[in-house]
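Each chain is listed here by its residues.
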Amino acid sequence: MKPANLPRAQRLAIRDLQVRFGGRQVVGIDEFSLGAAEIVGLAGESGSGKSMTTLAVLGLAHTVGATVRGSIRLDGTELTGLSQRELLAVRGRRIAAIFQSPAMAFSPVFKVGSVVLRALRLHGMSRADAAGAAARAMRQVLLAPDLLDRYPAQLSGGQLQRVAIALALALRAEVLLADEPTSALDVTVQAEVLDLLRGLREREGMSVLLISHDLAVVAELCDRVAIMRGGAIVEQGAVGQVLSAPQHEYTADLVAAVPRLAAEAAPILPAPPAPTTPSDAPAPPAPSAAPPPPTPSSAPAPPTPADGEVPE
């Protein structure tokens with residue numbers, strides 16, 4: 001892993017970005033960059049503009065009625081202003097995306113493999129080349145290629161997320177936009193997906209923009225982090241520096257809101273009693289004194305037989 005304090009060649013550079021719905025601006029980013037083979041987190045509360053920034057980079061903001069102004073460059077190529085036909089050569093092949101709910105990327109009535117192969121064919125691969133690339137990419141994400149012959153409902157959420165990542169690998173994308181890729185997964189599968197994203201950077205040299213509201217995930221995976229609030233980046237820098245010594249009040253509030261296990265917090269279950277040692281164990285209670293046996297002088301006299309009775 002390259003240290004975060006060393007400069008990296010800019011793979012994705014954003015300058016003076018504005019995303020508007022009519023006269024209302026929802027995103028305004030002065031400057032942001034993603035280096036080669038770097039993982040950068042974009043963090044903030046829901047509604048802070050993270051996903052709208054993703055749509056702007058993908059050239060899909062118009063699908064929700066937004067307009068985009070400013071500069072978005074990929075390896076020096078300006079993306080803002082390209083036609084949708086021109087963006088088809090960029091989207092998927094050079095910039096790929098995975099989203100919070102992987103099931104949304106697959107139609108329930110088509111097998112997973114048909115969706116993957118169709119995407120590869122749209123980018124110019126022959127049927128044979130697409131099948132080979134899909135099988136290789138599935139092995140890279142530690143899935144058996146025969147899972148491509150199943151329907152989405154037959155795969156778990158973690159498996160579907162891996163298939164979506166495999167598609168990005170098959171197209172050899174340079175930048176992966178991961179929009180809350182683990183929030184719908186359980187903790188064990190979440191860790192597997194994070195390890196996979198880390199491996200993409202180390203083995204493939206892929207740059208990853210991780211959009212998340214989970215600061216624990218950002219701290220574990222990212223080199224740098226940018227904090228968004230109200231559509232603007234209020235603080236950015238090395239992830240250890242920003243999260244350990246935040247300079248902006250909003251960042252400090254986010255860090256303070258992360259749940260912690262306090263030592264003085266009451267346990268969920270009462271603690272068992274501490275074991276006692278022979279030296280401090282309480283002495284057993286003295287047995288109660290038994291009544292003394294009757295003496296001959298105090299023994300009751302046998303009953304006198306009545307007249308006419310024969311003693312036994």
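Just above, that's the structure.
Rules used in this analysis
Residues numbered from 1 in each chain as written. Predicted model: local features only at pLDDT ≥ 70, side-chain atom pairs only at ≥ 80, totals over all residues. Heavy atoms only, no water. Salt bridge = Lys/Arg side-chain N within 4 Å of Asp/Glu carboxyl O. Helix = DSSP H or I, 4+ residues; strand = E, 2+ residues; numbered from the N terminus. Buried < 20%, exposed > 50% of the residue type's maximum accessible area, 1.4 Å probe, protein only. Contact = heavy atoms within 4.5 Å. Pairing = 2+ DSSP bridges. Axes fitted to C-alpha atoms, helices over the stretch in contact; angles between N-to-C directions.

With respect to the pattern of salt bridges
With the rule as written, the count across this model stands at ten salt bridges. The residue Glu-174 makes a salt bridge to Arg-94 at a minimum N-O spacing of 3.3 Å. Taken as a pair, Glu-174 in the loop between helix H5 (157–170) and strand E7 (175–179) and Arg-94 in the loop between helix H2 (84–88) and strand E6 (95–98) lie far apart in primary sequence, 80 residues in all. Looking at Arg-94, the relative accessible area reads 21%, which means it is partly exposed. The closest approach of N and O atoms between Asp-195 and Arg-198, which form a salt bridge, is 2.6 Å. Remark: Arg-198 and Asp-195 occur in helix H6 (residues 187–204); sequence separation between them is three residues, near one turn of the helix. Given a relative accessible area of 46%, Asp-195 falls into the partly exposed group. Here the residues in one salt-bridge network are Asp-75, Arg-94 and Glu-174, joined through shared partners.

Things to note about the environment of Val-19
Summarising the element assignment, Val-19 is placed in strand E1 (residues 10–21). Val-19 sits in the buried class, given a relative accessible area of 0%. As for Val-19 and Ala-66, which are separated by 47 residues in sequence, their C-alpha atoms are 6.4 Å apart. Residues within four places of Val-19 in sequence aside, it is in contact with Arg-24, Gln-25, Val-26, Val-27, Met-52, Ala-56, Ala-66, Thr-67 and Val-68.

Here's the deal with the sheet that holds E7
Taken in spatial order, the six strands of this open sheet run E6-E7-E8-E3-E9-E10, and their pairing is mixed. Bordering the open sheet on either side are E6 and strand E10 (232–238), each of which pairs with just one other strand. Ignoring which end each strand starts from, the neighbouring axes of this sheet average 20 degrees apart. The pairing of E7 with strand E8 (residues 207–212) spans five bridges and is classified as parallel.

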